[in-house]
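# Geometric and topological summary
Here's the letter readout for the chains.
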Amino acid sequence: MQKSDDPYERLILLHLQHYGLLSDNTSSVHAGVPIKREWEGNQDSTASDMINSPSESNDSNFEEEQEEPKPCHNFFSLDKVLRTRQLVFDFDGERPIPRLREPLDLFTIPSTSCPFQGVRWPIECEVIRDKIQHIEWDPSEPEPFYQPTGDEQAPMPVGGVRGNTVYRIDPATKTSYFTYSRVGGSRGPIKSATSCANHQEEPTLAFESRFESGNLRKAVQVGQYDYELTLRTDLYTTKHTQWFYFRVRNMRVGVTYRFTIINLMKASSLYSAGMRPLLYSEHAAWLKGEGWQRTGANIRYYRNNTEQDGKVLYSLTWTLEFPFDGDTCYLAHCYPYTYSNLQHYLREVISDPVRAAYCKLRVLCRSLAGNAVYVLTVTAPSNSLAERKAKRAVVVTARVHPGETNGSWMMQGFLEFLLSDLPDAHLLREIFIFKVIPMLNPDGVVVGNYRCSLTGRDLNRNYRSLLRDSFPCIWYTRNMVRRLLAEREVVVYCDFHGHSRKNNVFMYGCSDRKDASQCLQERVFPLMMSKNATDKFSFRSCKFKMHKSKEGTGRIVMWRLGIRNSYTMESTFGGSTLGDMKGTHFSTRDLKSMGYCFCDTLLDFCDPDPAKTNHCLEEIGLLLRQEVRRKLGREVDSLEDLSDIDIESSTSGSNSTESDGLPVHLLNATNQGKKKQLRSRKERNRLRQELVQSKSDASDPYSCQTFNATRQHGNPEDQS
């Protein structure tokens, strides 16, 4: 095929050849024949297959010599071939101007006409096809904490040897690190996960957890109605067991069942402070409209005298009676909120033309498994560019730790308020530009992890990482914030979390010990939160110390980027010890109300009238003086030297305060073969001198042996 005289035609020809739509024996575009697009009629199969194919080349080599194109005898057949969404043609009169469409995976806007991508699982995971749905419901009265009697049992693990294994799934991974994913997980047949070794007269419970966010690994019947449960650790790790979520069937009414989880890893838990597990009954939802409820008696959390990889294990045990015979029930650590739940909510938002007018949904990036990480931009339309540039920004994120589902419920409350037609919501959208990432770790949420992503690492310890391909979710989040800071001031950054050891809601902030003038300012926003949610938010539980082990968290990294008010908002898995709610669990309504309070506090914090801020600063100064007096046993006249006084101790809800190093797949790759070390200049000079010496003294065999050994093994001092 010879070269065409028209560069536009050459570019089109090269694109057609690249996609395999033209060859040397096929007809091409005739020089001088204008190209027009006909979009009527049905697409052919070739074009249909091309719709979602990514562009793999920029075709920058169009200057190469080609044969003269043959006359096109059928222009309409070529026009039919050109029906591809990879090429977009603009026209300057009769002249076509082709260009490549932007990659769909990065810039697509989900809509009802373009449905959300299916959930992607690691290839090894077996996933049942049942569609798991729970209604949203709140009890009419607050649910009280469990009151221990002192007679609670502490069963010791029995194991599958003495017990009857009724449910077991092999570890979901065939390799020690993530390889690739697929929508719906493994395409192989679903293996039977239930194995009743001993046939008994009484039917056993039927367990299942191979669904989104489920994580039960094994159930052993150790008594007629007693079951010993083992949770799956976070994928590609040997730790992080706290979250649980599984299904139970085949139960009987009037029978007291006991469940004991035997491989928990935290030394303390809110279950020791009255927290109760959650139960969902499908019959109750269908007949009474009731959803998740607190359940359980004889609750005890204790050390069980077993170990795993040298670490002590703990047990949680409780008893319950199921409300219906032959029901389908679910048990969970906290109210589940899956990746599919998020997609359903976002679909509702973008389908509403009113909310879609000021809420733009984009895909920030793809996770390691290929799930979309969504980012919402919420603001009122601006009348001019200058008006838009004058707006300050607020950044809010959630679910970097997948097992902390209470963070998603707070996030949904935040979005519901912000996207509502309330006057305060209108005002917030007029004042700010909101960047919201509702689920930072979709992969971990999908597979039922408690803390990690598919790297086997805690993302909230890797915000400083340069490994974009391993930690895409936080890498793109950090870069988005950096670009945002280059454009405008970011007033507040807040990451929503859950806490497993403390009750109430509180914040962790950042304090500059080198600048005592800021030691009060960063406490203003949390104090205002406590005044807007007096029965849920505890200001005294807030901490502002920046530990070295937390340097990689989003809160500290964003603070170092220049956001002075950078926080982690922690919600308990349990409930409140404050005000009228004292001694009761949080419901989903309570968790969502914290999102509403966050919006209220933003308005108070940015009120042009400084009266509220000044009042808070005075109160904070008084509280700090009281704390210093309690610590030092004397009064302080000034807070200028407060930075030199350590008045805070931190209570962490994490058992991974430090980074575990490289992601598992990279760590595995580095262990496959030891890379040959490069010699230093000093070593090369030494070897050269030894070579000269060996040639001058060839009769000395020891010198040659020394040189050869050094060449093979190198200098041990340099290697260390």
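Keep in mind that what you see is a predicted model, and the values were worked out from it rather than measured.

Moving on to the overall build of the protein. The helix and strand tally for the protein stands at 20 helices and 24 strands. A total of 720 residues make up the protein; the buried ones form 52% of that total. In the protein, of all internal contacts separated by at least 6 residues, the share reaching a separation of at least 24 is 78%. Accessible area of the protein: about 34,600 Å², with a carbon and sulfur share of 48%.

On the secondary structure map, S453 appears in the loop between helix 11 (442-447) and helix 12 (472-487). The exposure class assigned to S453 is buried, which follows from its relative accessible area of 6%. Engagement of the side chain of S453 in a polar contact is seen with the side chain of T455, the distance being 2.8 Å. Apart from the residues within four sequence positions on either side, S453 is in contact with N441 and L459.

Moving on: the pattern of salt bridges. Tallied over the entire structure, the rule returns 18 salt bridges. Linking R210 and E126 is a salt bridge whose minimum nitrogen-to-oxygen distance equals 3.3 Å. Here the residue R210 occupies a position in the loop between strand 6 (206-208) and strand 7 (216-221), and E126 occupies one in the loop between strand 3 (120-122) and strand 4 (164-168), the gap between them amounting to 84 residues. Looking at E126, the relative accessible area reads 22%, which means it is partly exposed. Residues K592 and E416 are paired through a salt bridge, measuring 3.6 Å at the closest nitrogen-oxygen approach. Of this pair, K592 sits in helix 15 (residues 588-605) while E416 sits in helix 9 (residues 406-418); the two residues are 176 residues apart in sequence, bridging distant segments of the chain. Note on E416: relative accessible area 27%, which makes it partly exposed. Salt bridges sharing partners connect three or more residues here, namely E404, R451, D458 and R461.

Considered as a void within the structure, the largest pocket measures approximately 1,100 Å³ in volume. In terms of lining, the largest pocket is formed by 37 residues, of which the most central are I132, Q133, T338, S340 and N341. Secondary-structure elements contributing two or more residues to the lining of the largest pocket are helix 6 (339-351) and helix 9. Among the elements that take part in the lining of the largest pocket, helix 6 stands out by supplying 7 residues, more than any other. A per-class count over the lining of the largest pocket returns 17 nonpolar, 12 polar and 8 charged. Counting only domains with at least three residues in the lining of the largest pocket, you end up with domain 1 (120-332) and domain 2 (339-609).

Bringing the sheet that holds strand 14 (residues 311-320) into the picture now. Pairing is mixed across the open sheet formed by 6 strands, whose spatial order is 4-7-8-10-14-13. Only two strands of the sheet have a single partner each, and these edge strands are strand 4 and strand 13 (297-308). In this sheet, neighbouring strand axes are inclined to one another by 20 degrees on average, regardless of whether the strands run parallel or antiparallel. Where strand 10 (residues 257-264) lies against strand 14, 6 bridges are found, and the strand directions are antiparallel. Within the sheet, the bridge partner assigned to F259 lies in strand 14 and is W318.

Under the UniProt annotation, the feature "active site" (unreviewed entry) is placed at E570. Position of E570 among the secondary structure elements: in strand 22 (residues 566-572). Overall, E570 belongs to the buried group, its relative accessible area being 8%. What E570 contacts, discounting residues up to four positions off in sequence, is H497, G498, H499, N504, V505, F506 and Y508.

The tally for this structure, following the rule as stated, stands at 0 disulfides. Here C473 stays unpaired: no disulfide links it, and the sulfur of C365, its closest cysteine neighbor, is 4.8 Å away.

Another aspect to go through is the nonpolar core. One finds F207, F259, F414 and F598 to be the most contacted residues of the largest nonpolar core, which totals 130 residues. Broken down by element, the residue count for this core peaks at 8 residues, all from helix 15. Two domains share this core, each providing at least three of its residues, namely domain 1 (120-332) and domain 2 (339-609). Grouped together as the second largest cluster of nonpolar side chains are 22 residues, V375, V400, V481 and I563 included.

Calculation criteria
Residues numbered from 1 in each chain as written. Predicted model: local features only at pLDDT ≥ 70, side-chain atom pairs only at ≥ 80, totals over all residues. Heavy atoms only, no water. Helix = DSSP H or I, 4+ residues; strand = E, 2+ residues; numbered from the N terminus. Buried < 20%, exposed > 50% of the residue type's maximum accessible area, 1.4 Å probe, protein only. Contact = heavy atoms within 4.5 Å. Areas by Shrake-Rupley, 256 points an atom, 1.4 Å probe, with all protein chains shown as cover. Polar contact = N/O pair within 3.5 Å; in protein donor to acceptor, adjacent residues only side chain to side chain. Salt bridge = Lys/Arg side-chain N within 4 Å of Asp/Glu carboxyl O. 1 Å grid on protein atoms, 1.4 Å probe; cavity = no way out; pocket = protein on both sides within 12 Å on 5 of 7 lines; lining within 4 Å. Points joined across faces, edges and corners; volume = space filled by probe spheres on them. Nonpolar A, V, L, I, M, F, W, Y, C, P; charged D, E, K, R; others polar. Domains from an automatic or database assignment. Pairing = 2+ DSSP bridges. Axes fitted to C-alpha atoms, helices over the stretch in contact; angles between N-to-C directions. UniProt positions renumbered as here; feature names shortened; annotations may be inferred. Disulfide = S-S within 2.5 Å. Core = buried A, V, L, I, M, F, W, Y, C linked by side-chain atoms within 4.5 Å.

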